[in-house]
Amino acid sequence: MTIRLPGAGGALRTYEPRTEPLAPAPGTPFTSRTVFSAAHVVADPFADVSPDSPAAVDWDATLAFRRHLWAHGLGVAEAMDTAQRGMGLDWAGAAELIRRSAAEARGAGGRIACGVGTDQLTDGSLAQIRAAYEEQLAVVEEAGAQAILMASRALAATAKGPEEYLEIYGHLLRQATEPVILHWLGPMFDPALEGYWGSADLDAATGTFLEVIAAHPDKVDGVKISLLDAQREIDLRRRLPQGVRCYTGDDFNYPELIAGDEEGFSHALLGIFDPLGPLAAEAVRVLDAGDVKGFRGLLDPTVELSRHLFQAPTRFYKTGVVFLAWLAGHQTHFTMVGGLQSARSLPHLARAYELADGLGLFPDPRLAEERMKNLLSLYGVNQ
């Protein structure tokens, strides 16, 4: 089994795929960390839609992937950035996804938390933004899921300073029936979120973020930090009130952040744990047994793949995530809502295949090779 892959310069090179996958088996629930995988959605490839149309979702395949994650002990973070919120999946589609996934979670005994945002709006007054958040919070709570208060593009565009963030988030936290997860998504994931929490100065923004939490610690289960800055996350983690968790969203530095240090550790809510699900679950169980070295030995080698998928423009990482799900046999096609399968180059996808194969992520390496060769042939690469 060999395959010719294109490099960044266009030259073809020969790669010999792995013949045996790692194949981690499902195991016992985690005891030392709470771990969510932010999960992708599977498009309906036969729907006659355009990139501007409402998303056409293959619900059977989408829910089957969530059962796959639950079977390995991972929680599912639903209707988040990885599910293409604001990049192909609108609020109507997200609401349907939340309802269906929450119902599936009850049947499967899986943990689920769902994104609450304001993507009904493109802009609006503070009152309209608050009402949009309230509408989405009600949908998530009625579905029986935990709420994740996501960053709002509309709020970033409308707020004049930190006071508006304190007002909006304070209102929502007082209203929430159960503790929520607060999500700070950096502009590398969404450029429209530049200056969130009322300042482009990250130290000032962190102060406002912590002020929101300090005013309502009983209503904050934890915070998800997606700034791709390990030291900033560690510093913030050490300043959280007792009982408020830090969920790392750092897809560049997650092994060291989850392993932690003498002063604490991060839990996880990660998009990279979509393709890494079974391997990540095995690593966390090793950590549960107190084997930090074994945990790092399993997870450290995955960082090169994650940094590749999340390289700038970081917001297009979803293309690599769905591509690997197709190669791994979790879906029958490489089609994405919004036509986002075109957002990464062939050399980028080829390198993602090579790195994932080297980690043993494909349950059927021969199927992955055949599908990779089919994609290459569409680009004119003959084997």
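Refer to the structure presented above.
Residues numbered from 1 in each chain as written. Predicted model: local features only at pLDDT ≥ 70, side-chain atom pairs only at ≥ 80, totals over all residues. Heavy atoms only, no water.

J.: I'd love a proper account of the nonpolar core, names of residues and values included.
T.: Counting residues in hydrophobic clusters, the biggest one holds 119 residues, and the most contacted among them are Leu182, Tyr196, Phe273 and Phe323. Beyond its immediate sequence surroundings of up to four residues, Leu182 is in contact with Leu149, Tyr169, Leu173, Phe209, Val212, Ile213, Val220, Gly222, Val223 and Lys224. Formed by 10 residues, the second largest nonpolar core is a distinct cluster that contains Phe36, Ala77, Ile181 and Leu269. (Core = buried A, V, L, I, M, F, W, Y, C linked by side-chain atoms within 4.5 Å. Buried < 20%, exposed > 50% of the residue type's maximum accessible area, 1.4 Å probe, protein only. Contact = heavy atoms within 4.5 Å.)

J.: Can you break down the pattern of salt bridges residue by residue, with the values?
T.: Applying the stated rule across the entire model yields 18 salt bridges. Put simply, Asp190 and Arg153 hold a salt bridge, and the shortest N to O gap is 2.6 Å. Taken as a pair, Asp190 in the loop between strand 7 (180–185) and helix 6 (202–215) and Arg153 in helix 4 (residues 153–158) lie far apart in primary sequence, 37 residues in all. For Arg232, the salt bridge is made with Asp229, and the minimal N-O distance between the two is 3.9 Å. Among the residues examined, Asp229 registers a relative accessible area of 30% and is labelled partly exposed. Salt bridges here are not isolated pairs; linked through shared partners, they connect Arg13, Glu304, Arg351 and Glu354. (Salt bridge = Lys/Arg side-chain N within 4 Å of Asp/Glu carboxyl O. Helix = DSSP H or I, 4+ residues; strand = E, 2+ residues; numbered from the N terminus.)

J.: Give me the lowdown on the layout of surface pockets, citing residues and values where you can.
T.: When its volume is computed, the largest pocket comes out at roughly 500 Å³. At the level of secondary structure, the elements contributing two or more residues to the lining of the largest pocket comprise helix 4 and strand 7. Classifying every residue of the lining of the largest pocket by side-chain character gives 11 nonpolar, eight polar and seven charged. Estimated volume of the second largest pocket: approximately 270 Å³. In this structure, the second largest pocket is lined by 21 residues; those nearest its centre are Pro275, Pro278, His330, Leu361 and Pro363. Sorting the residues of the lining of the second largest pocket by element identifies helix 1 (59–71), helix 9 (277–288) and helix 12 (317–327) as the ones contributing at least two each. At three residues, helix 9 tops the list of elements feeding residues into the lining of the second largest pocket. Taken together, the residues of the lining of the second largest pocket sort by class into 15 nonpolar, five polar and one charged. (1 Å grid on protein atoms, 1.4 Å probe; cavity = no way out; pocket = protein on both sides within 12 Å on 5 of 7 lines; lining within 4 Å. Points joined across faces, edges and corners; volume = space filled by probe spheres on them. Nonpolar A, V, L, I, M, F, W, Y, C, P; charged D, E, K, R; others polar.)

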